Amino acid sequence: MEQRVYNFSAGPAVMPKAVLKKAQNEFLSYQQSGMSVMELSHRSELFETILSDTESLLRRLMDIPANYKVLFIQGGASLQFSMVPLNLANGKKVAYIDSGSWSKKAIEEAKKTAEVVTIASSAKNSYHTLPVIEPVTEDYAYVHLTTNSTIEGTAYLDIPLDKFNGLPLVADMSSNILSSEYNVEDFALIYAGAQKNIGPAGVTIVIVREDFIQSLPELPTLLSYETYANANSMYNTPPTFSIYMAKLELEWIEEQGGVAAIEKANRKKAQLLYDFLDHSDFYTSPVEAGHRSLTNIPFLTPSPTMDEEFVIAAEASGLTNLEGHRVVGGMRASVYNAMPIEGVEALIAFMNKFAVANTV
Ligand code: PLP
């Protein structure tokens, strides 16, 4: 079946059709090997080339300096909630910015192994805005922030570096890595699960400055960044097929003109939808302008019952996975890199039709 829907899922998310086609073409036999990528030994030359090409592509796309390591880890971004404090806290206090449900989870997890100070929070605001950050004056091992709050739809498109007094910055970029430009040198460590803008679930990217990788023999082997750094992410079997798919998607990003071109396209898509929401008498955006995400756009109809009807009717029209996260309700359109502008236009056309049909 060739029929594809417009998939607004927050993750695992839509992938470019060209990437899926390419994978399909070499699915049974990768480069005349007679084997699928998922059947290749991770120690084979073919796979080692896939891994090094994936890393080189990411380095080019994000302009990653030579003194940063790129690690491919399993366990999702959620495992990084634990690995970051285990590897970076060094017995010192760590500072967290609580800007949404995922930051909250990162904080809860870090509290299990480190002394956490939440230095700013917009929880009282139901995370509809970014928190107000006062300049940091105390010493912390690092400051952690989530660049894009996938559930609530806020984002730090500019990092408020002037507030952090030069402290090492750690970012969860799971839901907007490679969709907006960031300067890697602003961060000590960046992590992101792949399943939104990089490829299928199964691999998590960690970009870490070399001087933050330490030898911590008391840590379980697979929880130490040093293990991955010393073994070129091959201490044990890496998620080979996910890495291969990531390589294809990174090649696709490069073909689109790189992250700057992708960001431009994402801004255009997001603007279309926000403009429509802001001019509507029927729909509302819960997120304040200036704090809004380019990749996850929540919205509401006049009532929760109508929200439910909207999601069902949209699904029947080939616009799928628009239900908001269960903790916030309403709708959410995730418009990652692979969502074409035609998908956003189709959504807006449907929203118009639904509003007219349901306005008395
Ligand atoms: N952080 C953010 C910002 C996310 O959006 C998600 C998942 O959606 C996670 C962390 C958790 O990622 P994973 O499911 O890979 O553990």
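Predicted model only: the values in this text are computed from it and were never measured. (Residues numbered from 1 in each chain as written. Predicted model: local features only at pLDDT ≥ 70, side-chain atom pairs only at ≥ 80, totals over all residues.)

## Looking at the UniProt feature "domain: Aminotransferase class V" (unreviewed entry) in the protein
Thought 1: Listed under "domain: Aminotransferase class V" (unreviewed entry) in the UniProt record, and renumbered for this structure, are residues 5–347.
Thought 2: In the segment residues 5–347, helix accounts for 33% and strand for 16%; the C-alpha atoms at its two ends are 11 Å apart. (UniProt positions renumbered as here; feature names shortened; annotations may be inferred. Helix = DSSP H or I, 4+ residues; strand = E, 2+ residues; numbered from the N terminus.)

## Some details on the confidence of the model for the protein
Thought 1: Here the protein shows a mean pLDDT of 97. Residues at 70 or above account for 99%.
Thought 2: Under the prediction, the complex receives an ipTM of 0.99, its pTM being 0.98. (pLDDT = per-residue confidence, 0-100.)

## Some remarks on the site of the ligand
Thought 1: Neighbouring residues of the ligand: Gly11, Gly76, Ala77, Ser78, Trp102, Thr146, Thr150, Asp172, Ser174, Ser175 and Gly193.
Thought 2: Of the residues forming the shell around the ligand, the biggest block, three residues, is contributed by helix α3 (residues 76–88).
Thought 3: Looking at side-chain class alone, the shell around the ligand contains two nonpolar, eight polar and one charged residues. (Near = placed C-beta within 6 Å. Nonpolar A, V, L, I, M, F, W, Y, C, P; charged D, E, K, R; others polar.)

## Let's talk about helix α9 (residues 341–357)
Thought 1: Taking 1.5 Å of rise per residue, the 17 residues of α9 would be expected to cover 24 Å, and the 24 Å separating its terminal C-alpha atoms lies within 8% of that figure.
Thought 2: For α9, the complete set of buried residues consists of Gly343, Val344, Leu347 and Met351. For α9, the buried positions fall inside an angular range of 95° around the axis, keeping them on one side. Exposed residues pointing more than 90 degrees away from the buried face of α9 are listed as Glu342, Ala349, Lys353, Val356 and Ala357.
Thought 3: Of the surrounding elements, those touching the buried residues of α9 are β1 (6–7), α7 (258–278), β12 (319–320) and β13 (331–334). (Expected span 1.5 Å × (residues − 1). Buried ≥ 20, exposed ≤ 12 C-beta atoms within 10 Å, placed from the backbone. Arc of directions from axis to C-beta. Contact = placed C-beta atoms within 7 Å.)

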